[in-house]
Amino acid sequence: PVVKEPPKIHRLDESVVNRIAAGEVIQRPVSAVKELVENSLDADSTSINVVVKDGGLKLIQVSDDGHGIRYEDLPILCERHTTSKLSAFEDLQSIKSMGFRGEALASMTYVGHVTVTTITKGQLHGYRVTYRDGVMEHEPKACAAVKGTQIMIENLFYNMTARRKTLQNSADDYLKIVDLLSRFAIHHINVNFSCRKHGAARADVHSVATSSRLDAIRSVYGVSVARNLMKIEASDNDPSSSVFEMAGFISNSNYVAKKITMVLFINERLVECTALKRAIEVVYAATLPKASKPFIYMSIVLPPEHVDVNVHPTKREVSLLSQEVIIEKIQLEVESKLRNSNEARTFQEQM
Ligand code: ADP
Ligand code: MG
């Protein structure tokens, strides 16, 4: 038999490595929007406006009124692993900011054209600079600017033909972005959010800061959702089983929908938790006669050392200590709320 020579192993070019990594952090336009909005939230913004063109492939623009970026930091802003939020690994345990990996902006510059305009407090003018592959393309240019930061990504995935083609054929990325902003808007009710298509007069998400969660849900998801919601709370404070607090709103037995909407924040992070979602769906299916899917908004807070936020590059899933106990407690509470609302309805119908 002919023994083939083993292929030679060589080191990948840094630019190749970075582009591969970037494609993982920024999977689709909506992932870029999520990173940008989280940066705006981390910068203490009270107003965040998103503009999207061509489902995000032509343009994603996120403007905020946050603390801005220092002039001296602009040269390394879009390098990989540069961040103002984390220093030591141990800090991860108590991190309050959404970001910490210092990878989002860098990633965007490897798969799109990034322009940053920013101004910090007390400055007379701002700066604008464009980035490519992690570095500034030119010295920052002085420019007029209002408070905060605007980040613009153009031609996302211009250098990833296959990804661009797949995304071009899917019309739903704008809808995903609207969905994302809706979720942020009903959690961060002290922040004004808007999201619109480029050139459109009307915004598809438009929320005005309020002190009432229900008002926020009404303005984002509509009256028909808001009028069928019940307040829910659950908690546990037993270090030997679980420690958590949950507060939210769940739909009652009058609510009708074909699809479940589950908006979940754990320690202020927008995340998915498939196990919890399933557990709640099961209760609704078992309690309600019609197979209506629920609307759920929940915010769960637990000790930071009980949550591992670093299980996924997009931080979409988190893992929880004593997850089973927490889910069971929440499930019981949902069931009791739902039973009460269902009985009240049956009673009304019999009158
Ligand atoms: P991370 O959020 O993990 O730190 P990013 O790449 O998302 O990494 O951002 C890098 C840094 O740029 C942040 O740590 C922050 O200091 C700064 N930054 C990014 N976006 C904004 C913004 N909208 N306002 C102010 N600072 C920002
Ligand atoms: Mg970030």
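Residues numbered from 1 in each chain as written. Chains lettered and ligands numbered in written order. Predicted model: local features only at pLDDT ≥ 70, side-chain atom pairs only at ≥ 80, totals over all residues.

- By the naming in an unreviewed UniProt entry, the protein is DNA mismatch repair protein S5 domain-containing protein, taken from Liquidambar formosana.

## Looking at the nonpolar core
Item 1. Core analysis: the largest hydrophobic core is formed by 79 residues, its most contacted members being Val33 and Leu181.
Item 2. Counting the residues that make up this core, at least three belong to each of domain 1 (14-207) and domain 2 (228-350).
Item 3. Once residues within four sequence positions are removed from consideration, leucine 181 is found in contact with Val50, Phe193, Cys195 and Val205. (Core = buried A, V, L, I, M, F, W, Y, C linked by C-beta atoms within 7 Å. Buried ≥ 20, exposed ≤ 12 C-beta atoms within 10 Å, placed from the backbone. Domains from an automatic or database assignment. Contact = placed C-beta atoms within 7 Å.)

## Section: the domain arrangement of the protein
Item 1. When the domains of the protein are assigned, the result is domain 1 (14-207) and domain 2 (228-350).
Item 2. Placing a centre on the C-alpha atoms of domain 1 and another on those of domain 2 gives a separation of 30 Å.
Item 3. Across the contact, eleven residues belong to domain 1 and eleven residues belong to domain 2.
Item 4. Where the side of domain 1 that touches domain 2 is concerned, the elements lending two or more residues are helix H1 (14-25) and helix H5 (173-187).
Item 5. In terms of residue count, the dominant contributor to the side of domain 1 that touches domain 2 is H5 (four residues). (Helix = DSSP H or I, 4+ residues; strand = E, 2+ residues; numbered from the N terminus.)

## A closer look at unusual backbone geometry
Item 1. In the Ramachandran plot, aspartate 54 falls in the positive-phi region, its phi being about 55° despite a non-glycine side chain.
Item 2. Mapped onto the secondary structure, aspartate 54 falls in the loop between strand S1 (47-53) and strand S2 (59-64).
Item 3. Among the residues examined, aspartate 54 registers 17 C-beta atoms within 10 Å and is labelled partly exposed.

## What to know about the sheet that holds strand S12 (residues 261-266)
Item 1. One open sheet holds the five strands; their spatial order is S10-S11-S14-S12-S13, and the pairing between them is mixed. Each edge of the open sheet carries a strand with a single partner, namely strand S10 (229-238) and strand S13 (269-270).
Item 2. Bridge analysis of S12 against strand S14 (residues 295-301) gives six bridges, and the strand direction is parallel. If you follow methionine 262 over to S14, its bridge partner there is isoleucine 296.
Item 3. Along the sheet, H5 makes contact with S12, S13 and S14, crossing S12 at roughly 55°. (Pairing = 2+ DSSP bridges. Axes fitted to C-alpha atoms, helices over the stretch in contact; angles between N-to-C directions.)

## Quick notes on the environment of leucine 338
Item 1. Checked against the element boundaries, leucine 338 lands in helix H9 (residues 323-350).
Item 2. Leucine 338 gets classed as buried once you count the C-beta atoms within 10 Å, which come to 23.
Item 3. Taking the C-alpha atoms as reference, leucine 338 lies 16 Å from isoleucine 327; in sequence the two are eleven residues apart.
Item 4. Setting aside anything within four residues of it in sequence, one finds leucine 338 in contact with Ser253, Val283, Tyr284 and Thr287.

## With respect to the pairing of strand S7 (residues 148-154)
Item 1. Most of S7 is tucked away: five of the seven residues are buried.
Item 2. Summarising the sheet, S2 and S7 pair through five bridges and their orientation is antiparallel. In the sheet register, valine 62 faces S7, and the bridge partner there is isoleucine 151.
Item 3. One ladder, built from seven bridges, connects strand S3 (residues 113-119) with S7; its direction is antiparallel. Its bridge partner lying in S7, threonine 118 is registered against threonine 149.

## A few points about H1
Item 1. The terminal C-alpha atoms of H1 lie 17 Å apart, and with twelve residues this matches the ideal 16 Å at 1.5 Å per residue to within 8%.
Item 2. Looking at the buried positions of H1, the neighbouring elements they touch are helix H3 (104-111). (Expected span 1.5 Å × (residues − 1).)

## Notes on the packing of helix H2 (residues 29-42) against H5
Item 1. Contact pair H2 / H5: the axes reach a minimum separation of 9 Å and the direction vectors enclose 25°. Between H2 and H5, the angle is such that the two are roughly parallel. Crossing geometry of H2 relative to H5 is assigned as right-handed. Mapping the contact onto sequence places Pro29, Val30, Val33, Lys34 and Val37 in H2 and Asp173, Lys176, Ile177, Leu180 and Phe184 in H5.
Item 2. Broken down by class, the residue content of the contact of H2 with H5 amounts to seven nonpolar, no polar and three charged. (Parallel < 35°, antiparallel > 145°, perpendicular 65-115°, else oblique. Left-handed = near helix turned anticlockwise from the far one by under 90°. Nonpolar A, V, L, I, M, F, W, Y, C, P; charged D, E, K, R; others polar.)

## What to know about the packing of H5 against helix H6 (residues 213-221)
Item 1. H6 packs onto H5 with a crossing angle of 160° between their chain directions and a minimal axis gap of 8 Å. Compared by their axis directions, H5 and H6 come out roughly antiparallel. In this structure, H5 crosses over H6, and the sense of that crossing is right-handed. In contact with Ser182, Ala185 and Ile186 of H5, H6 contributes Arg213, Ala216, Ile217, Val220 and Tyr221.
Item 2. Looking at the contact of H5 with H6 residue by residue, the classes come out as six nonpolar, one polar and one charged.

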